[in-house]
Amino acid sequence: MLTQIYNGNVLIPGGRWVRGGSVLIKDSMIAEIYSHSRILEGVDRAVNAAGGYILPGGIDIHVHGGGGRDFMEGTEEAFRTAVEAHRRHGTTSMFPTLSSSSVEMIRKAAQVCTALVEDPMSGVLGLHLEGPYFSPAMAGAQMPEIIRWPSPMEYIPLIEEFPCIRRWDAAPELPGAMDFARYITSKGVVAALGHTEANYHDVKEGYEAGYTLATHFYNAMTNTRKTGVYKHEGTVESVYLMDGINVEVIADGIHVPPIIIRLIHKFKGRGRMCLITDALACSVSDSKTAFDPRVIIEDGVCKLRDGSAIAGSIATMDRLIRTAVKEAGLPLEDVSRMVSETPGLIMGVYDRKGSICKRKDADIIIMDPDLNLTHVFSMGRSVPLR
């Protein structure tokens, strides 16, 4: 099956544009990028980008659910429903995320994830565990009764049994958190710091132990604060000072204001910053409830019912792009790379995902000049948007 997307502005590696170009897809792979828009002989399907943007599909490395389903349900139906819901908004692959969970819940979800990772059309690249090794003081919307310290008796068997676990988040100041990071990174798992009160010493030691990513940067972590008359650095400032730590940002314009998104981009740059939805089950859905009954939707965002914390979002990949470009004022070529190339590099899948390049998977989105999503191709398959 040959598909040609033509008459668009193609973003290729290096942040360069091929104006008025086209992309040829053969089955599930990108076959060629052309600097013209002539429709080729033998093409089975021709898609007119109508002068819009032809971009790599989004890779969401932090997403809890969608379409009314949560990955914590631990069923194949829940996984597939949530993945397909986000596909319709430009997320062509993802790392499904579990909030702080029991071992039983992790095992159940990991079993489903293991099967889906084997299917290249599933859109599932691996499992992300957000917790449960967090600071109780920074629990946010995490279930407080599940939060605990890292235990090798717990995490080693899980990592050994389930290679689909590709990322695990923890607070580096906790007892045992350094050994945890050293162990999981030795197994190729990304260690991220989050829901933390870590100071500069904790962050520096954590980075040396293997923490190379900051979970939903600015959210559920400390920044500059006063003790008496003296100011002290927080986790945010410490992460800024660690050049090797990447950051992920919930770019819905609510969790992190657009001006702060611009500030993060200025200091971390497109190569160290990726955008995430942190979406809950109620995203891409008429549902008003989340997996956690404490969560409500209010003012376009998820919150705890008692008003004590913002929870996950109802954002989608196309919304992240529009917010970062239109509200934060970032260049589209940078924003596109922050939802595709950078997460692909962080998670070790850039050899096949994250850019429009020959012989890579045909994960492509098309946006019109006003950044409305018009087409999604996942592994060469056209995804219905409605």
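Being a predicted model, the structure only gives us computed values, none of them experimental.

(A) View of the side chain of H128. Following the sequence through the fold, H128 ends up in strand β10 (residues 127–133). On the basis of relative accessibility, which here comes to 0%, the residue H128 falls in the buried class. Of note is the side chain of H128, whose polar atom sits 3.1 Å from the side chain of R167. In this view, H128 contacts I61, H62, F95, P96, T97, L98, R167 and D169; residues no more than four positions away in its chain are not counted.

(B) Highlighting the nonpolar core. Counting residues in each nonpolar core, the largest one holds 81 residues, and the members touching the most others are L127, I165, W168, Y211, F217, V249 and L275. Judged by nonpolar contacts, the second largest core, of 15 residues, contains I5, I25, A362 and I366.

(C) Up close: the pattern of salt bridges. Inspection of every chain in the model, using the stated rule, returns 21 salt bridges. A salt bridge links K353 to D361; its shortest N-O distance comes to 3.1 Å. Residues K353 and D361 agree in their burial class; the two are buried. Through salt bridges with shared partners, a single ionic network connects R69, E73 and E77.

Thresholds, definitions, all that
- Residues numbered from 1 in each chain as written.
- Predicted model: local features only at pLDDT ≥ 70, side-chain atom pairs only at ≥ 80, totals over all residues.
- Heavy atoms only, no water.
- Helix = DSSP H or I, 4+ residues; strand = E, 2+ residues; numbered from the N terminus.
- Buried < 20%, exposed > 50% of the residue type's maximum accessible area, 1.4 Å probe, protein only.
- Polar contact = N/O pair within 3.5 Å; in protein donor to acceptor, adjacent residues only side chain to side chain.
- Contact = heavy atoms within 4.5 Å.
- Core = buried A, V, L, I, M, F, W, Y, C linked by side-chain atoms within 4.5 Å.
- Salt bridge = Lys/Arg side-chain N within 4 Å of Asp/Glu carboxyl O.

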